[in-house]
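Breakdown of the fold
Here is how the chains run, residue by residue.
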Amino acid sequence: MIGAVLSLGGIGFLAAVILGVAAKKFAVEVDPKEEAILNALPGANCGACGYPGCSGYAKAVASGQVDPSLCTPGGKAVVEKIAEIMGVEAVVAEPMVAVVCCQGDNQKAKDKYKYIGVQDCVTAQMLAGGPKDCPGGCLGLGTCVVACPFGAIEITSQGLAVIDREKCTGCKKCVSACPRKVIKMTPKSASVHVLCNSHDKGPQVKGYCQIGCIGCQLCKRAAEEVYAVENFLAAVKYDTYDAEKARAGMEKCPTKCIRDFADGYPEGSTFKP
Amino acid sequence: MELKTFKGGLHPPDNKAWSEKKAIEVCPLAEGDELVILLSQHIGAPAEACVKKGDFVKKGQVIATPKGFVSVPIHASTSGEVISVEPRLGTAGTKVPAVVIKADGQDTWDENLSGADPDTLTAQEIKDRIRDAGIVGMGGATFPTHVKLSPPEDKKIDHLILNGVECEPYLTADHRLMLEDPDNIIGGILILKKVLGVEKAIIGIEANKPDAIELMTKACAGRGIEVGALKVQYPQGAEKQLIYALTGREVPSGGLPMDCGCVVQNVGTAAAVNDAVRRGIPLIERIATVSGSAVNEPKNLRIKIGQPLGKLVEFCGGAKGELGKIIQGGPMMGMAAVSLDVPATRGTSGVLLFSEGQVLKEPEGPCVRCGNCVRACPAFILPTEIAFKTKKGMIDEAEKLNAMDCIECGSCTYICPARIPLIQYLRQAKGAIIAKRRKV
C-alpha cells in the first residue's frame, strides 16, 4: 500500500519537474501586445483586413508595420482599443456596409428560364448566365448568405438577398462571393441608395424588370449634387451625399428603384430599419 | 464476337429509331433569311470580325480571323449582305459577338477557294489548310483540329482513332454520314494519317449501327483502316473511354490522348477535313439531328452554320404541344438552349425538343448511399463524395478526390435515384479548382 503510494507519487513528482524545466526552457515568447490586440479583435476570422484570421492581423499590427484601423467589423471601438495598446492615435474610417443593389425579386423581374438545380448563384450563373433575364440582377439563391460570417444577409420570401445594415460589418465577403457583382459597399451614414445593377437601356430594362433603373436622369435633374447617371444607370455620389437632396431625387424616380432604407427594407424582408 | 468496351458507364434508352432511317435532307435557306454567325464557335480565343456592316460577302469567305494558335477563322455560310456586327444571343444563353448576314438567295461561292491533291502537299501545308478552313471537332466539343494534329515533338503518336460511336441517345447525324458518304470520311482519314504519320487507324462504331459497321468495313477494306465494333454503352464515344475500348491503353489522370500515343477525331471531322483539303470548302455546314418527343417529324439535316434553331425545327414540321426544354447536342452532354432564336454553330450535332411533362422538376433529395453513381462513373471518381464536399465549400478536398478527372458525361446524374444534380456540383468543383489554381 505505502509502496504503491510512494512509487506513483514519485512518478508524478518526476514528471512535474520535467514539465517545469521544459516549460522554462522551451517557452515561446509572445508579444504581450499581440495577445492584447487579439483579445480586442472580434474573433470572426472574416479576413476583411486582408490577413489570414484575427491572429494573423494581431501579429502584423503588433510588429508596428501595419495600420491598426483595418478591422472594419470591429468598428470604432476596436480601432480605438488597438490604437491605445499600440500607443498611436486612432484614425477611424467612415464605417461601410454592403448593399444588394437590386430589387428585382421573383414578383418584379422576369426569368429567362426555370432553374432547377444546385441552389448556388455561382453554379446557376454557369447555366446561360443565370436564370434572371436581367444581366446584373440578384439571383436570390443565397451564395452571399453562406459567405456572410455575421448572419447579416437573408433571402426574402420573394427571392431577393437583403443585407441588414445594423448587422453588416463591412467585411466584403459577400462582395467577392456574388457572381453578378450586385453587392456594393456604401457608407453606413447614407441611407438612400440606387438599387439597380443593370446598364441596359430603358426599354430593355422595362422588358424584364418593373423596378429597374431606366437611366431617365430625373433623379439627377432633381439633385445634381447627389446623383450621377452613367451608362444608363443612376448612382448616388456618396462624397457629396446629402440626405434631404437624396430624398428629393428619390421621389422623382418613376420606377422606384431608389430606396431610403430608413423607410424600410425591400418587400418580404424581415429586417426592420 | 465479343464487343469491346470500357469500365463503368450505363445504357440509357437510345431512341435513335426516330431518325436513323431518315436520309439527310438539306435545310433550306431562302432569300432574306438571317444567318447569325457567332465568332466564338470553338474552344479557345474567339475570332475577330474582319467585315463590317454593309459589306457584301460570298459563301465561304472569311468573316473573322483567328486570334492566337488555339483559334480558327470563321466563314460566311452563304452569300449576302452583312447587316450587323453586334453581340447576339449565343449557345451559352449570353450575348456574344456575332456577324449577321442577310442571305441574297444566290448562294454564290467565293471564287478564291480551291482544292488540292493532298499527295502533293506537306503535312504542314495540310495543317494550314485545315486551320484556314476553320475545322474544329465536330462531335460537339469544337476543339480546333489543327491543334490536335500538332502534338509536341516528344509525344510519339502511333494510333489514329476515329469516333463513329455516337453514343448520345437520339443523335443519328454521324450514323447517317457514315451510311451516305463513307468515301468522304475515308478520304479525310487518309489525309489525317498522312499528317500524323501513323500507320494504324481504327474507326470505333457502336453495335447499334450494324449497317454502318458493315458498310464502313467494306469501304475500308485494303486501305489500312480497321473498323472496331463496340458494345452499346454510354459514354463509349468519350475520348478516353474510346481509346481504352479500342486499344486497351489508359490516358493518365490529367493527361491527354497523346500521352498514350493516340489522336481521336470524329468521323464528321474527317469528312470536313476531306472537304477542306481536297475541295477547298471551309466548315460552313454540318449534319444535325432534329429529334425529341416534341418534334413533329424527326429528321437528319444538313444545316448552314448560323441558321436559327427555330428554322431547323420549322423544317421538321415544327414543335408539338408546350415546349419544356430545348437541348443543343445530345441529351446527356448537350446544353439546354434558352430559346429557339439561338443560332446553330459548328458544334450543333443535334437539336432536341422535349415537352413540358417530360422535364424533371422535382428538387434534389438526400443521397441514399446506393453507389450507383460510383459504379457508373467511367472516370473512376466518387461523384457523390465530391458533390458533398463541394456543397460544403471544401474545394481542396474535392481536388484530392480527383474532381478534375470528371469528363462531365452525366452518367452519375442520370442514374441517381435521389435526383441529385451531381454533374452540376462536379462542374462547380472544377470551376472553383481552376479558379484556385489560377490564383496561386
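As the structure is a computational prediction, the values presented were derived from the model and not from experiment. Within any chain, residue numbers begin from 1 and follow the written order of that chain's sequence. Chains and ligands are labelled sequentially in the order written, the chains with letters from A and the ligands with numbers from 1. With pLDDT at 70 or above as the cut-off, local features in this predicted model cover only qualifying residues; side-chain atom pairs require 80 or more to be listed or tallied, and sums for whole chains, interfaces and linings still use all residues.

**Quick word on the overall build of chain A**
Labels follow the DSSP assignment, with helices taken as runs of H or I lasting at least four residues and strands as runs of E lasting at least two, numbered in each case from the N terminus. Within chain A, the secondary structure is distributed over 10 helices and eight strands. Radius of gyration (C-alpha) of chain A: 26 Å, far over the 19 Å computed for a compact globule of 273 residues. Its C-alpha atoms give chain A principal-axis dimensions of roughly 95 × 50 × 30 Å. With C-beta atoms placed from the backbone, a residue counts as buried when 20 or more other C-beta atoms lie within 10 Å of its own, as exposed when 12 or fewer do, and as partly exposed for counts between those limits. Every one of the 273 residues in chain A was classed for burial, and the buried ones make up 38%. This radius of gyration counts C-alpha atoms alone. The globule rule is 2.2 Å times how many residues there are, raised to the power 0.38.

**Digging into the overall build of chain B**
For chain B, the helix and strand inventory stands at 13 helices and 17 strands. Computed over C-alpha atoms, the radius of gyration of chain B comes to 21 Å, within 12% of the 22 Å expected from 2.2 N^0.38 for 440 residues, which places it in the range of a compact globule. In terms of its C-alpha atoms, chain B occupies a principal-axis envelope of roughly 60 × 50 × 50 Å. When the 440 residues of chain B are sorted by exposure, 49% land in the buried category. What counts as a contact here is a pair of residues whose C-beta atoms, placed from the backbone, lie within 7 Å. Of all intrachain contacts in chain B linking residues separated by at least 6 positions in sequence, the fraction that spans at least 24 positions is 73%.

**Let's talk about the domain arrangement of chain B**
All names here are of chain B. An automatic or database domain assignment provides the domain bounds reported here. Split by domain assignment, chain B resolves into domain 1 (16-21 + 124-279) and domain 2 (372-439). Listed by partner, the interface residues are seven residues for domain 1 and seven residues for domain 2. Residue composition of the side of domain 1 that touches domain 2, by class: three nonpolar, three polar and one charged. Each residue receives one of three labels: charged for Asp, Glu, Lys and Arg, nonpolar for Ala, Val, Leu, Ile, Met, Phe, Trp, Tyr, Cys and Pro, and polar for the others, Gly being one of them.

**Some words on the packing of helix H1 (residues 123-132) of chain B against helix H7 (residues 267-279) of chain B**
All names here are of chain B. Fitted lines through C-alpha atoms serve as axes, helices being fitted only where they are in contact, and the angles separating the N-to-C directions of these axes extend from 0 to 180 degrees. Contact pair H1 / H7: the axes reach a minimum separation of 9 Å and the direction vectors enclose 110°. One way to sum up the angle between H1 and H7 is to call them roughly perpendicular. Within the contact between the two elements, H1 uses Ile126, Arg129 and Ile130 and H7 uses Val273, Ala276 and Val277. Of the residues belonging to the contact of H1 with H7, the class tally is five nonpolar, no polar and one charged. We call two directions roughly parallel when the angle between them is under 35 degrees, roughly antiparallel when it is over 145, roughly perpendicular when it lies between 65 and 115, and oblique otherwise.

**Structural notes on H7(B)**
Residue and element names in this part refer to chain B. A rise of 1.5 Å per residue sets the reference length of H7, with its 13 residues, at 18 Å; its end C-alpha atoms lie 18 Å apart and thus fit the reference within 8%. Along H7, 11 of the 13 residues are buried, which leaves the element largely enclosed by surrounding structure. Among the residues of H7, those classed as buried are Val267, Gly268, Thr269, Ala270, Ala271, Ala272, Val273, Asn274, Asp275, Ala276 and Val277. Among the residues trailing H7, Gly280 stands out with phi positive, at a value near 75°. Helix span, expected: 1.5 Å multiplied by one less than the number of residues in the helix.

**Side note on the pairing of strand E7 (residues 233-236) of chain A**
In the case of a regular strand, side chains alternate between the two sheet surfaces. Bridge count for strand E6 (residues 227-230) of chain A against E7(A) is four bridges, and the pairing is antiparallel. Bridging across to E7(A), Ala228(A) finds its partner in Ala235(A). DSSP bridges decide pairing: two strands pair if at least two such bridges lie between them.

**Structural notes on the interface of chain B and chain A**
Every contact between the two is made by 11 residues of chain B and, on the other side, 11 residues of chain A. In terms of residue class, the side of chain B that touches chain A is built from four nonpolar, five polar and two charged.

**Remarks on helix H6 (residues 239-247) of chain B**
Residues and elements named next belong to chain B. Across the nine residues that make up H6, a large majority, seven, are buried. Of all the residues in H6, the buried ones are Glu239, Lys240, Gln241, Leu242, Ile243, Ala245 and Leu246. On its buried side, H6 packs onto strand E9 (159-163), strand E10 (200-206), strand E11 (225-230) and strand E12 (262-266). Just past H6, the residue Gly248 takes up positive phi, approximately 80°.

**Side note on the domain arrangement of chain A**
When cut into domains, chain A gives domain 1 (32-86), domain 2 (94-188) and domain 3 (190-264). Between the C-alpha centres of domain 1 of chain A and domain 3 of chain A there is a distance of 37 Å.

**Regarding unusual backbone geometry**
Peptide bonds are mostly trans, and most non-glycine residues show a negative phi. All names here are of chain B. Put simply, Tyr234 and Pro235 share a cis peptide bond, and its omega is -5°. Phi is positive for Asn402, close to 65°, though the residue is something other than glycine. Along the chain, Asn402 turns up in the loop between helix H11 (395-400) and helix H12 (411-415). Exposure remark for Asn402: the 15 C-beta atoms within 10 Å place this residue in the partly exposed category.

**Some details on the sheet that holds strand E5 (residues 62-65) of chain B**
Residue and element names in this part refer to chain B. The strand order across the open sheet built from three strands is E3-E5-E6, with neighbouring strands paired in antiparallel fashion. Two strands close off the open sheet at either side, each with one partner strand: strand E3 (48-49) and strand E6 (74-75). The pairing of E3 with E5 spans two bridges and is classified as antiparallel. From the neighbouring strand, Ala49 faces E5, where its bridge partner is Ala64.

**Quick notes on the nonpolar core**
Core membership is restricted to buried Ala, Val, Leu, Ile, Met, Phe, Trp, Tyr and Cys residues, and these are joined into a nonpolar core through C-beta atoms within 7 Å. If you look at the biggest cluster of nonpolar residues, it comprises 100 residues, and the most contacted ones within it are Ile37(B), Ile161(B), Leu162(B), Val273(B), Ala288(B) and Leu312(B). Setting aside anything within four residues of it in sequence, one finds Leu162(B) in contact with Ile189(B), Ala201(B), Ile202(B), Ile203(B), Gly204(B), Gln265(B), Val267(B) and Ala270(B). Membership of the second largest hydrophobic core comes to 50 residues, among which are Cys102(A), Leu139(A), Ala152(A) and Ala246(A).

**Structural notes on the sheet that holds E10(B)**
As a general point, the strands of a sheet are linked pairwise by backbone hydrogen bonds and lie either parallel or antiparallel. Residues and elements named next belong to chain B. One open sheet holds the four strands; their spatial order is E11-E10-E9-E12, and the pairing between them is parallel. Unpaired on one side and paired on the other, E11 and E12 mark the two borders of the sheet. The average angle at which neighbouring strand axes cross in this sheet is 25°, direction not considered. Packed on one face of the sheet, helix H5 (residues 210-220) meets E10 and E11 and runs near 165° to E11.

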